[in-house]
Amino acid sequence: MKPLTREQLEHCDRSAVWHAFTQMAEYEPLIIERAAGNTLYDLDGRALIDGVSSLWCNVHGHGHPRIDAAIREQLDKIAHCTSLGMSNPTTIKLAQGLVEISPAGLEHVFFAGDGAAAVEVALKIALQYWQQRPDPRPHKSKYVALGGAYHGDTIGAVSLGDIGQFHAMFRPLLFDVLRLPAPESYRLPPGVTRETAAAHYLAEMESLLAEHHDQIAAVVVEPLVQGAAGITMQPPGYLRGVRELTQCYNVLLIADEVATGFGRTGTMFACQQEDVAPDILCLGKGLTGGYLAMSATLATTEIFEAFLGPYEQSKTLYHGHTYGGNPLAAAAALATLEVFEEEQTLAHLPEKIARLEEHLVRIAKLPHVGDARHRGLMCGIELVHDRDTKAPYDWKERRGMAACRVAIEHGVFLRPLGNVIVIMPPLSISLDELDQIMLAAEAGIVAATAP
Ligand SMILES: *Cc1c(COP(=O)(O)O)cnc(C)c1O
């Protein structure tokens, strides 16, 4: 194929590439040619700081020498072999590494390619577990999911999801779930305060479980922070309470840490902040440092053992993806874990988080900023029409997108969630770069909310 001119590239980017979550009728090509550290470079060599970690997945920066080398070394050995009845040393080491760093009891790792697949696998494991465990409970086949949930875009994950604009259309394809109101901290139900919020939401969860636990296979949550809902924050103690309730009512807890995992909230996993060990843990996004498609579903030994038995009993987990456990991706993931240790990534987060907070205090005072919230380096700034009533802007006004356009002009790539400006830089971000991100976001917000 002949090299394409810039015009041809832009033309084909519109005509041949169907971009995710993008209205192609109005898409304006933004073509990134390379990246280094926390910065992307477009075809003109224009630098853009990667303010959303290439959609929440980059961890240690782009072109990290340690991760690059690990992939190259792996390439000299083997790029891919199947995980169906076969293995390779890199994938084995990664599984062991994940078992070591994840909450206690999660000792068995199933690999897939995307976060959505990790969630699908979790749903199937939970259902099959109840059928096959020593004291089977075959009626436990329903799932509890939260308002505003997002777990990916495949049909099972969308069934759990509750983001109207993304999900409502597909209703005819979806299975029913038991839905609880979003346990968020900004728009509280009448009569509920920040102090009583956790107890309020937990009481709702308890009455649901008390009534339906016989039919419930699992409760599925994004721990601490619901990402695509708009970086919304669960009240402190909520996650811990959900763990206690699920134990009390004999229901599995599936924690979807696809977004929150790998240091994003300040600890390696969000669950660890409330000393919670789920029964099933879904990982993705940051797993390979943002390099390659890979996800993982971890389960406890109690669950795993329900799938063991003579072949004829058919207790096998009949689920798999062609590239599950891919050695190249595993090499990137293993190197990502090693960099966490070598660079003491988590130990360096508090000063970055403190710097983020300094900026948020200032930004929170802007007249149309309703809420400037964060957990670790997962941050959402919600623009509202009216601060007092918390009345949102009409989504059709696209205020968030307008703010991010201005940020891009200031050299920072941001992508909003509706009226929420998302700030989620790589954990390797420098204080200087963080300043630039926050100043660009502020400039964008001021411009997009000007009367
Ligand atoms: C992004 C995301 C997913 C889906 O991951 P994909 O790799 O995009 O399929 C699932 N759950 C959460 C919480 C996410 O943020």
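Here, residues in each chain are numbered from 1, in the same order as that chain's written sequence. Since the coordinates come from a predicted model, pLDDT governs what is reported: local features require at least 70, and pairs of side-chain atoms require 80 or more to be given and counted, while whole-chain, interface and lining totals use all residues. By convention in this description, side-chain values take in all heavy atoms of the structure and omit both hydrogens and water.

Draft legend 1. Expanded view of the pairing of strand 11 (residues 280–283). Relative accessibility under 20% of the residue-type maximum defines a buried residue, over 50% an exposed one, and the middle range a partly exposed one, all with a 1.4 Å probe and only protein chains included. Helix numbers and strand numbers start at the N terminus; a helix is a DSSP run of H or I with at least 4 residues, a strand a run of E with at least 2. Burial along strand 11 is two-sided: the residues Ile 280 and Cys 282 and Leu 281 and Leu 283 are all buried. The pairing of strand 11 with strand 12 (residues 295–300) spans four bridges and is classified as antiparallel. By the bridge assignment, Leu 283 is partnered in strand 12 with Ala 296. Here a strand pair is declared whenever DSSP counts at least two bridges between the two strands.

Draft legend 2. Fine view of the pattern of salt bridges. Salt bridge criterion: a side-chain nitrogen from Lys or Arg within 4 Å of a carboxyl oxygen from Asp or Glu. A full pass over the atoms with the stated rule returns 17 salt bridges. In this structure, Asp 135 and Arg 133 form a salt bridge, with 3.5 Å as the shortest nitrogen-oxygen distance. Residue Asp 135 is classed as partly exposed on the basis of its relative accessible area of 47%. Arg 137 serves as the salt-bridge partner of Asp 214, at 3.7 Å between the closest nitrogen and oxygen. Placement of the pair is Asp 214 in the loop between helix 8 (197–212) and strand 7 (216–221) and Arg 137 in the loop between helix 5 (115–132) and strand 5 (142–146), with a sequence separation of 77 residues. Taking the relative accessible area as the measure of exposure, Asp 214 reaches 44% and is therefore partly exposed. We classify Arg 137 as partly exposed; its relative accessible area is 24%. Among the ionic contacts, a cluster of salt bridges with common partners joins Arg 187, Asp 371, Arg 373 and Glu 382.

Draft legend 3. Geometry of the sheet that holds strand 1 (residues 32–36). Spatial ordering of the open sheet is given by 1-2-3-16, a layout of four strands whose pairing is mixed. The sheet terminates laterally at strand 1 and strand 16 (412–413), the two strands that pair on one side only. As paired elements, strand 3 (residues 47–50) and strand 16 share two bridges and run parallel to each other. Looking at the pairing, Ile 49 lines up with Val 412 of strand 16.

Draft legend 4. Here's a closer look at the pairing of strand 12. With six of its six residues buried, strand 12 lies for the most part within the structure. Across the two faces of strand 12 the burial is the same, with Ser 295, Thr 297 and Ala 299 and Ala 296, Leu 298 and Thr 300 all buried. Where strand 4 (residues 106–112) lies against strand 12, six bridges are found, and the strand directions are antiparallel. Note on strand 12: the bridge partner recorded for His 108 is Ala 299.

Draft legend 5. Quick look at the nonpolar core. Core analysis: the biggest nonpolar cluster contains 91 residues, and Leu 98, Ile 381 and Leu 414 have the highest contact counts within it. A per-element tally of this core places helix 14 (residues 431–448) first, with seven residues. Here this core spans two domains, and each of domain 1 (31–59 + 346–448) and domain 2 (68–342) adds at least three residues to it. Note on contacts: a residue pair qualifies if any of its non-hydrogen atoms lie within 4.5 Å across the two residues. The contacts of Leu 98, once residues within four sequence positions are left out, are Val 109, Phe 111, Phe 262, Leu 283, Leu 287, Ala 296, Leu 298 and Leu 337. Each nonpolar core is a collection of buried residues, namely Ala, Val, Leu, Ile, Met, Phe, Trp, Tyr and Cys, held together in the definition by side-chain atoms within 4.5 Å. In this structure, Val 119, Ala 122, Tyr 143 and Ile 254 belong to the second largest nonpolar core, which totals 26 residues. The split into domains, and so the bounds of each, comes from an automatic or database assignment of domains.

Draft legend 6. Seen up close, the sheet that holds strand 11. Strand order in the open sheet formed by seven strands is 4-12-11-10-7-5-6, and the pairing between neighbours is mixed. Two strands in the sheet have a free side with no partner beyond their single neighbour: strand 4 and strand 6 (178–180). For this sheet, the mean inter-axis angle between neighbouring strands, taken without regard to orientation, is 20°. Note that strand 7 and strand 10 (residues 252–256) share four bridges and pair parallel. When the sheet's bridge partners are listed, Ala 218 is paired in strand 10 with Leu 252. All axes here are fitted lines through C-alpha atoms, helices being fitted over the stretch that makes contact, and every angle between N-to-C directions spans 0 to 180 degrees.

Draft legend 7. The site of the ligand, seen in detail. Around the ligand, the neighbouring residues are Trp 56, Asp 114, Gly 115, Ala 116, Tyr 150, His 151, Gly 152, Glu 222, Asp 256, Val 258, Ala 259 and Lys 285. The contact in question runs from a nitrogen atom of the ligand to an N or O atom on the side chain of Asp 256, over 2.6 Å. Polar contacts, as used here, are pairs of N or O atoms within 3.5 Å; protein pairs need one atom able to donate a hydrogen and one able to accept it. Residues neighboring in sequence count only if both atoms are side-chain atoms. With respect to the ligand, the side chain of Lys 285 contributes an N or O atom lying 2.6 Å from an oxygen atom. About the coverage of the ligand: the protein hides 84% of its 380 Å² of free accessible area. All amino acids are sorted into three groups, where Ala, Val, Leu, Ile, Met, Phe, Trp, Tyr, Cys and Pro are nonpolar, Asp, Glu, Lys and Arg are charged, and the leftover types, Gly among them, are polar. Among the residues forming the shell around the ligand, the class breakdown is five nonpolar, three polar and four charged. Throughout, near means a residue has at least one heavy atom within 4 Å of the molecule or strand. Using the Shrake-Rupley algorithm and a 1.4 Å probe, accessible areas are obtained, with residue cover drawn only from the displayed protein chains.

Draft legend 8. A look at the domain arrangement of the chain. Partitioning the chain into domains gives domain 1 (31–59 + 346–448) and domain 2 (68–342). The gap between the C-alpha centroids of domain 1 and domain 2 is 27 Å. Where domain 1 abuts domain 2, roughly 2,500 Å² becomes buried across the two surfaces, and 61% of that area is made up of carbon and sulfur atoms. The tally of links between domain 1 and domain 2 comes to one salt bridge. Residue Arg 187 is joined to Glu 382 by a salt bridge in which the shortest nitrogen-to-oxygen separation is 2.6 Å. Our enumeration of links across domain 1 and domain 2 arrives at 13 residue pairs in polar contact (both at pLDDT 80 or more). At the level of elements, helix 2 (53–56), helix 12 (349–363), strand 13 (369–375), strand 14 (378–386) and strand 17 (420–423) are the ones that each hand at least two residues to the side of domain 1 that touches domain 2. Looking at the side of domain 1 that touches domain 2 residue by residue, the classes come out as 20 nonpolar, six polar and five charged. Values labelled buried area give the accessible surface lost by two parts on being combined, using a 1.4 Å probe and summing over both.

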